[in-house]
Amino acid sequence: MKKMKIVNMKKFVRSICILIGIIIAIVLLFPKATLSHNDGKQPNYETISVSQGDTLWSIASNQQENNPYYIEKDVRDIIKEIKKVNQLNNSELQIGQTIKVPVL
């Protein structure tokens, strides 16, 4: 294995300083913005009691129209999220059942 030797110490020190400066600039300019995907919108939950005739589709449609958390989301995606939040294996609801729905 060949040993490497620093020929010009000034260039070496300058290069290391520039590299450290770039790393510090990156850390200071982009602290957490690239690590967070939530946009600071932590949902709270509203509890809904299921009435006769309610379906996940009707609840999701209502949430799509009236809940800012679901702005511009597809009804099918809303249903999937409601099922996930409430740990539902299927789309069957019972009268009187309570389900949680994310809200802002």
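Scroll up a little and you will see the structure.
Residues numbered from 1 in each chain as written. Predicted model: local features only at pLDDT ≥ 70, side-chain atom pairs only at ≥ 80, totals over all residues. Heavy atoms only, no water.

Draft legend 1. Structural detail: the packing of helix H2 (residues 56-66) against helix H3 (residues 75-85). The geometry of H2 relative to H3 is characterised by a closest axis approach of 9 Å and an angle of 110° between their N-to-C directions. What the angle tells us is that H2 and H3 run roughly perpendicular. Crossing of H2 over H3 shows right-handed handedness. Contact residues: Leu56, Trp57, Ile59, Ala60, Ser61 and Gln64 in H2; Val75, Arg76, Ile78, Ile79, Ile82 and Lys83 in H3. Residue composition of the contact of H2 with H3, grouped by class: eight nonpolar, two polar and two charged. (Axes fitted to C-alpha atoms, helices over the stretch in contact; angles between N-to-C directions. Helix = DSSP H or I, 4+ residues; strand = E, 2+ residues; numbered from the N terminus. Parallel < 35°, antiparallel > 145°, perpendicular 65-115°, else oblique. Left-handed = near helix turned anticlockwise from the far one by under 90°. Contact = heavy atoms within 4.5 Å. Nonpolar A, V, L, I, M, F, W, Y, C, P; charged D, E, K, R; others polar.)

Draft legend 2. Highlighting the side chain of Gln63. Relative to the helices and strands, Gln63 resides in helix H2. When near neighbours in sequence (up to four residues on either side) are disregarded, Gln63 contacts Ile48, Tyr70 and Val101.

Draft legend 3. Representation of the pattern of salt bridges within the structure. One pass over the structure, following the stated rule, counts two salt bridges. A salt bridge links Lys73 to Glu81, with the shortest nitrogen-to-oxygen separation between them at 3.9 Å. Its salt-bridge partner being Arg76, residue Asp74 comes within 2.8 Å of it at the nearest N-O pair. With relative accessibility at 30%, the residue Asp74 sits in the partly exposed group. (Salt bridge = Lys/Arg side-chain N within 4 Å of Asp/Glu carboxyl O. Buried < 20%, exposed > 50% of the residue type's maximum accessible area, 1.4 Å probe, protein only.)

Draft legend 4. Representation of H2 within the structure. Within H2, the full set of buried residues consists of Leu56, Ile59, Ala60, Ser61 and Gln63. Taken together, the buried residues of H2 touch strand S1 (44-49), H3 and strand S2 (98-103).

Draft legend 5. Quick look at the side chain of Asn67. Its location among the elements puts Asn67 in the loop between H2 and H3. Among the polar contacts listed, one links the side chain of Asn67 to the backbone nitrogen of Tyr69, at a separation of 3.0 Å. Beyond its immediate sequence surroundings of up to four residues, Asn67 is in contact with Asn62, Val101, Pro102, Val103 and Leu104. (Polar contact = N/O pair within 3.5 Å; in protein donor to acceptor, adjacent residues only side chain to side chain.)

Draft legend 6. Highlighting H3. For H3, the set of buried residues is Val75, Ile78, Ile79, Glu81 and Ile82. Looking straight down H3, one finds that the buried residues subtend no more than 165° of arc, so they occupy a single side. What points out from H3, more than 90 degrees from its buried face, is the exposed set Arg76, Lys80 and Lys84. Looking at the buried positions of H3, the neighbouring elements they touch are H2 and S2. Once H3 ends, the next one or two residues include Gln87, with phi positive near 55°. (Arc of directions from axis to C-beta.)

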